[in-house]
Structure formats: structure tokens, C-alpha cells
Amino acid sequence: MSAPIDPLSHILGIAGPCAEQRLRIDWPNSENYQIWLKRDDLLHPIISGNKWRKLKYALLAAQQQQTKQIISFGGGFSNHLHALGYACAKLDIQLNAIIRGNYSAHPSPMLADLTRWHAKLHYVDRNTYRQRDDPAYLARLQADSPGAMIIPEGGSQYLALRGVTEIVNELSTHYEHILAPVASGGTLAGLIQGTAHLDTQVTGIAVLKGQGYLESLVSELLPNETKNLHNWQINHDYHLGGYAKNPLQLAAFCAEFQAQTQIPIEPVYSGKLFYAARELIKQGVFTPGAKILLLHTGGLQGARAL
Ligand SMILES: *Cc1c(COP(=O)(O)O)cnc(C)c1O
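Owing to the predicted nature of the structure, the values given are computational and were not obtained by experimental measurement.

Colleague: Help me understand the layout of surface pockets in this model?
Modeller: To find the voids left in a structure, one rolls a probe of water-molecule size over its atoms. Taken as a whole, the largest pocket encloses approximately 1,000 Å³ of empty space. If you go around the largest pocket, you meet 43 residues; those closest to its centre are Gly75, Arg100, Glu153, Tyr243 and Tyr269. Among the elements of the structure, helix 2 (49-64), strand 3 (69-74), helix 3 (79-91), helix 5 (126-129), strand 7 (177-182), helix 8 (186-194) and helix 9 (213-221) are those that each provide at least two residues to the lining of the largest pocket. Grouping the amino acids of the lining of the largest pocket by side-chain chemistry returns 17 nonpolar, 18 polar and eight charged.

Okay, structure coming up:
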């Protein structure tokens, strides 16, 4: 399982594949399952785990094409822009970050990092930001910056799936269930694609209010041959008030989880994933004895502002 590290991972300092670890925790009913973790939070100290998976092949293409400029989108705390900003600095690519909202008076720690890494920040209002996938808007951005590579919000594009499927390829054994948080859908789509020929159920935990919307984001990212797969679902019961909301029960859960396991989590993504996992295990929704893999996607930088 020691795949050679590719040159890009080497330049960026991405860690090699890390074996799954058993989660030993006294959640109600957990004795009926085998609960494992894939620690993508350990891939890199700065580049957030699943953002690396989603960006890997876009960055490889940028390197091969000698791209000088990348344009991408995100909120003021975006793990995607943060990961991309660090990678662009290392690869000597100019990042133009289009940011929802004007943070110029009070830049978040994430934006301060981007500035330190020489990214150009472009603050736009919500209406402009809403055009981020609009072909006419993207054509104008492209015309203003010929040769620039445009990467969608969250890094979620078809090219992202290949990097995410590598998570599945690295696994040392078969799991009946894989659970991961969902926001822009690329991670879940990659897991669905990666498990297409395995008898594995993929469950996305929605971290925002997006019933129906998240399902269509994911299915639009899937290639035709996997669009009809039924090996996946999105659970909408654990957004806990919406994106980046951190109600008391979630904050308390995260503190207790970290104290019990020494594994760092944050409330925006991994906290909701583990919270949901505890509840679903308590409810006994999985077949007794099942091996369940929880994907720790990283994202700890985002919690600096909370
Ligand atoms: C972006 C992010 C997610 C969500 O992944 P999507 O591919 O956008 O659905 C999950 N966890 C962390 C830590 C993230 O930064």
C-alpha cells in the first residue's frame, strides 16, 4: 500500500496514504458495529484533506499546461480557497480569489493567509457571487484573463472525482458503509464513483439546508454511467440549523469527542459528520456487525474564526 508519491504531492508536502484507524468510543450501541476512520485531516498541515483530493488533478493539469493564473470562488472562511491559495503560492501560480461579501475591513484568518500567499482578493456582493457558475459571467472572467484556469466553488467539478476515488482505492478492506459530510458535492460524487463496483452504501451528511438541491449537485457531477447508481443517499437531519451554525449541542459534542479521542474536529464539517454518525449508530440504522468508515475531511483552519 505504499504507492509512490507523485512529484506534485512531493512539492506540496502531501503525506502518503494513511491506513484507516479504529474509532474506539463509548457511543450508545457502538458495540454492534466496527467503526473506522479515514484520517484525510492528516494529509497536510495546511491543505485541507478533501480539498487536496478534489484539486489534485486540476493542479496537475495546471502544472502541465504551465498555467500562470487560477480563478476560483468561495466564502470568507473557505477551506477550498485556503488550500488552493497555499498550493498556488508553492507552484508559483497567481490565484485570483472571488469572495462572497466584503471583508476588507475585517479579513478572516483565512483571507489574511491568502494575502500572505500573494493571492489577489476580489470582494463581490451576493448577486455577483450568485453568477459563479453562469457561462456568460465565466466567459467574461476568462476574456479578462486569457489562459487562466477557472476552478468552481469548492473545487467541485468532474475533474475532482478522480482524486476523490483515490480515497476508496487506498482502503485496506471492504466497508459496508462510508459516511462523509456534503456541501458542494464533489467529495460525495467521487466516493460514489469510487465505490460503483463495490457493495458499499455511501451516505452524505448535509452540513447545510439543501434537501433536493444537494442531491442534484451530486448527480450533476456524476458521469452518465454512474448517474443511475443507487448506492448513495444524503441525510438531511444533521445540518443543525444550517451552514456554519454551531448550536450548543454541537459545540459540546465536538469538545467531548476531542477530549475522548484526541482527534481534532471542527463544527462546520467533521463535527456534523461525527455527530450524525453517533445518532445513526444509536438509532441502529445500519446492519448489525457492519463495518462503517467515517471520512474525516479535515477543515480545521476554518474553525480559527469561530
Ligand atoms: C469543503 C469541505 C467539505 C465538503 O465537501 P464537498 O465536496 O464540498 O461536498 C467537507 N469537509 C471539509 C473539511 C471541507 O472543507
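After that view, the rundown keeps rolling.
Colleague: Could you clarify how one ought to interpret the nonpolar core in this entry?
Modeller: Soluble globular proteins: nonpolar side chains tend toward being buried together. Among the nonpolar cores identified, the biggest contains 32 residues, and Leu12, Leu59, Ile70 and Leu114 are the most heavily contacted of them. When contributions to this core are tallied by element, the ones reaching two or more residues are helix 1 (7-12), helix 2, helix 3, strand 4 (94-100) and helix 4 (109-116). Considering each element in turn, this core owes the most residues, eight residues, to helix 2. When near neighbours in sequence (up to four residues on either side) are disregarded, Leu114 contacts Leu81, His82, Gly85, Leu95, Ala97, Ala119 and Leu121. Within the second largest apolar cluster, 27 residues are counted, among which are Ile35, Phe257, Leu273 and Leu294.

Colleague: Looking at this structure, I do not really get the site of the ligand. What am I missing?
Modeller: The environment of the ligand is made up of 16 residues, and the closest members are Lys51, Lys54, Ser184, Thr187 and Thr297. Here Lys54 contributes a side-chain N or O atom positioned 2.7 Å from an oxygen atom of the ligand. Contact distances for the ligand include 2.7 Å between an oxygen atom and a side-chain N or O atom of Thr187. Here the ligand, which alone exposes 380 Å², has 98% of that area covered by the protein.

Colleague: Before we go on, may I ask you to explain unusual backbone geometry in this structure?
Modeller: A negative phi angle characterises most non-glycine residues, just as the trans form characterises most peptide bonds. With phi around 55 degrees, Gln66 is a residue other than glycine that occupies positive phi space. For Gln66, the location among the structural elements is in the loop between helix 2 and strand 3. The exposure class assigned to Gln66 is exposed, which follows from its relative accessible area of 59%.

Colleague: Looking at this model, I keep getting lost on the packing of helix 2 against helix 3. Mind explaining?
Modeller: For any two helices packed against each other, one specifies the crossing angle of their axes together with the interaxial distance. One can describe the packing of helix 2 onto helix 3 by two numbers: an axis separation of 11 Å at closest approach and a directional angle of 35 degrees. Two packed elements cross with a definite hand, and for helix 2 against helix 3 that hand is right-handed. Together, Lys51, Leu55, Leu59 and Gln63 of helix 2 and Asn79, His80, Ala83, Leu84, Ala87 and Leu91 of helix 3 make up the contact between the two elements.

Colleague: Can you walk me through the environment of Gly49 in this structure?
Modeller: Its location among the elements puts Gly49 in helix 2. For the pair formed by Gly49 and His80, sequence separation is 31 residues and the distance between their alpha carbons is 10.0 Å. In contact with Gly49, other than residues within four places in its own chain, are Asp40, Leu43, Thr297 and Gly298.

Cut-offs applied
- Residues numbered from 1 in each chain as written.
- Predicted model: local features only at pLDDT ≥ 70, side-chain atom pairs only at ≥ 80, totals over all residues.
- Heavy atoms only, no water.
- 1 Å grid on protein atoms, 1.4 Å probe; cavity = no way out; pocket = protein on both sides within 12 Å on 5 of 7 lines; lining within 4 Å.
- Points joined across faces, edges and corners; volume = space filled by probe spheres on them.
- Helix = DSSP H or I, 4+ residues; strand = E, 2+ residues; numbered from the N terminus.
- Nonpolar A, V, L, I, M, F, W, Y, C, P; charged D, E, K, R; others polar.
- Core = buried A, V, L, I, M, F, W, Y, C linked by side-chain atoms within 4.5 Å.
- Buried < 20%, exposed > 50% of the residue type's maximum accessible area, 1.4 Å probe, protein only.
- Contact = heavy atoms within 4.5 Å.
- Near = heavy atom within 4 Å.
- Polar contact = N/O pair within 3.5 Å; in protein donor to acceptor, adjacent residues only side chain to side chain.
- Areas by Shrake-Rupley, 256 points an atom, 1.4 Å probe, with all protein chains shown as cover.
- Axes fitted to C-alpha atoms, helices over the stretch in contact; angles between N-to-C directions.
- Left-handed = near helix turned anticlockwise from the far one by under 90°.

Keep in mind these values describe shape, not function.
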